[in-house]
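# Coordinates in review
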Amino acid sequence: MNTFYLPQLLYSDGTFTSNRGLLVNGDGKVVELAAQADSPLDKVIELPGKALMPGFVNTHSHSFQRLVRGKSESRIVSGKDFWSWRGTMYHAAAQLNPQEIYDVARMAFLEMVLAGTTTVGEFHYLHTSPDGRPYEDRNLLSQQVIAAAQSVGLRIVLLRTAYLRSGYELPRDPGQTRFFESTRDFLLNMDALVEGFPANSAEVRFGVAPHSIRAVPLNDLEEIAAWSRARKLPLHMHVAEQIAENSACIREYGYTPIELLSRNHILSPDFTAVHSIHINPSEIEMLSQAEATICSCPTTERNLGDGVIAADLVMRAGIRVALGSDSQAQIDPLEDARELDYHLRLRDLERASLDQIEGEALASRLYACATVNGARALSVPTGEFIPDSFADCFTVDLDDLSIAGHSADDLLPITVFSLSRSAIRDVIVNGRFIVHDQRHPLQNEIVARYKEIHGKVWQNNTIESAHR
Ligand SMILES: [Zn+2]
């Protein structure tokens, strides 16, 4: 049976229209945008006072890092930069048993869906027990994270991560014990994991994620990339987040990370370079020529002091930019989107730098970063309402305080620059409601479990809410 969603306004192709709805088939896929239901048998869901918009794609997430939120905002605890911040993050990573990894992931994913996210790319690098011994099922922790997404109802692309060493000429960092595998084990484990799920599943898909040039030497990277290419999987990698990472790559190979990836034919339309902050115009050209995607994570990058991506140069070069919540310092897809432009405003003392690139309006460009660009990076048909894409969407309360008082032509800029989470009312993944009127059915249980784990990891007493 088809379902016909009829909102007050429907977003598609950069504009809102009235008197149009979304027809979805029984497999949860978009049939068409139409003025009315197809047949009297169709179920009609009217959404008066609401806009219906394509759900967000969070292209780069480390769910367990939700635990670090608020714990690293002191130099006494976490030092002054990214490298020392990792110590706090490693502390959290070392504490969690498989059940807790599941519960923390559920918390991060719950927050994502309540913020309108319908697909997550989970860059997952916790593989072994805290002392480095593999679990009997070597993919146990990947399975836990997948199960967490399924429990919440969020589509997941598990980007299983290869982490082979601490860095060029560096001894093994004990904080990374749970991350390490050999290349051979990584590929065997990937094989076993992928085989356990149907191909092109609507709920669970896979990608390959060599962590970084720092953590994966070139020879191994080539082997992993060839494995990934043979299976037509997305290939994601942290690139040029930190200047020290670029310098180490130049010392080891004589090239920057992007140059090295380009010379060795790793860059491709399936490749996503996460961060890409410290890159020059010739490296931008290499990414553009290869039709690679950049995944930017501005809320995390500003939290960690990583730097500002040259989104203007990148977009003018025609590179697609996707977005990720990365460290979960904030989970707010539109905040990531608007910061792409806001950070340039602070850098250049000018406004709206990303407007009218190739004639495209700023707000629709940023909305595409949060949706369809991520969908392409993860190779999932979602992020826009076109036939055969997954019906992934959320409703927006048009009278919410953050956006009330708009006209059809400024609703998108108001949404992108000012919408609060309170405006996001219902979330639909694959044609199924997972959030109804801002409530997820498992919310109380997920939050309660998370608070217990938070208390255990940080050895404190969680303050009980006075209003339950
Ligand atoms: Zn990351």
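The text that follows walks through the structure, step by step, so that each part is easy to find. Given the structure is predicted, the values throughout are model-derived calculations rather than measurements.

### Comments concerning the packing of aromatic side chains
A complete count under the given rule lists 15 aromatic pairs for this structure. Ring geometry for Phe 82 and Trp 83: centres 4.9 Å apart, planes at 85°, overall edge-to-face. For Phe 82, a relative accessible area of 8% translates into the label buried. The class of Trp 83 is partly exposed, set by a relative accessible area of 26%.

### Some details on the side chain of Ser 212
Inspection of the secondary structure puts Ser 212 in the loop between β9 (204–210) and α6 (218–230). For Ser 212, a relative accessible area of 1% gives the class buried. At 2.8 Å, the side chain of Ser 212 and the side chain of His 211 are in polar contact. Once residues lying within four places of it in the same chain are set aside, the contact partners of Ser 212 are Met 237 and His 238.

### Quick word on the environment of Ile 331
With respect to the helices and strands, the residue Ile 331 is situated in the loop between β13 (320–323) and α12 (333–348). Between the C-alpha atom of Ile 331 and that of Thr 117, which follows or precedes it by 214 residues, the distance is 9.5 Å. The contact partners of Ile 331, leaving out residues within four places of it in the chain, are Arg 69, Ala 108, Glu 111, Met 112, Ala 115, Ser 325 and Arg 421.

### Overview of the environment of Ser 39
With respect to the helices and strands, Ser 39 occurs in the loop between β4 (30–34) and β5 (43–54). Of the residues examined, Ser 39 reaches a relative accessible area of 27% and is grouped as partly exposed. Of note is the side chain of Ser 39, whose polar atom sits 2.9 Å from the backbone nitrogen of Leu 41.

### Let's talk about the coordination of the zinc ion
Summarising the metal site, the zinc ion is bound by the protein donors His 60 (NE2), His 62 (NE2), His 238 (NE2) and Asp 326 (OD), whose distances to it range over 2.1 to 2.5 Å. Viewed at the metal, the four donor atoms of the zinc ion are separated by angles of 82 to 169°, and the geometry they form is irregular. Mapping the donors of the zinc ion onto the primary sequence gives the spacing H-x1-H-x175-H-x87-D. Of this pair, His 60 sits in strand β6 (residues 56–61) while His 238 sits in strand β10 (residues 235–239), placing them 178 residues apart in sequence. Since its relative accessible area comes to 7%, His 238 is described here as buried.

Thresholds applied
Residues numbered from 1 in each chain as written. Predicted model: local features only at pLDDT ≥ 70, side-chain atom pairs only at ≥ 80, totals over all residues. Heavy atoms only, no water. Phe/Tyr/Trp six-rings, centres within 6.5 Å; stacked < 30°, edge-to-face > 60°. Buried < 20%, exposed > 50% of the residue type's maximum accessible area, 1.4 Å probe, protein only. Helix = DSSP H or I, 4+ residues; strand = E, 2+ residues; numbered from the N terminus. Polar contact = N/O pair within 3.5 Å; in protein donor to acceptor, adjacent residues only side chain to side chain. Contact = heavy atoms within 4.5 Å. Donors = N, O, S within 2.8 Å, 3.2 Å for Na, K, Ca; no water. Tetrahedral: all angles 85-135°; square planar, octahedral: opposite > 155°, others 65-115°.

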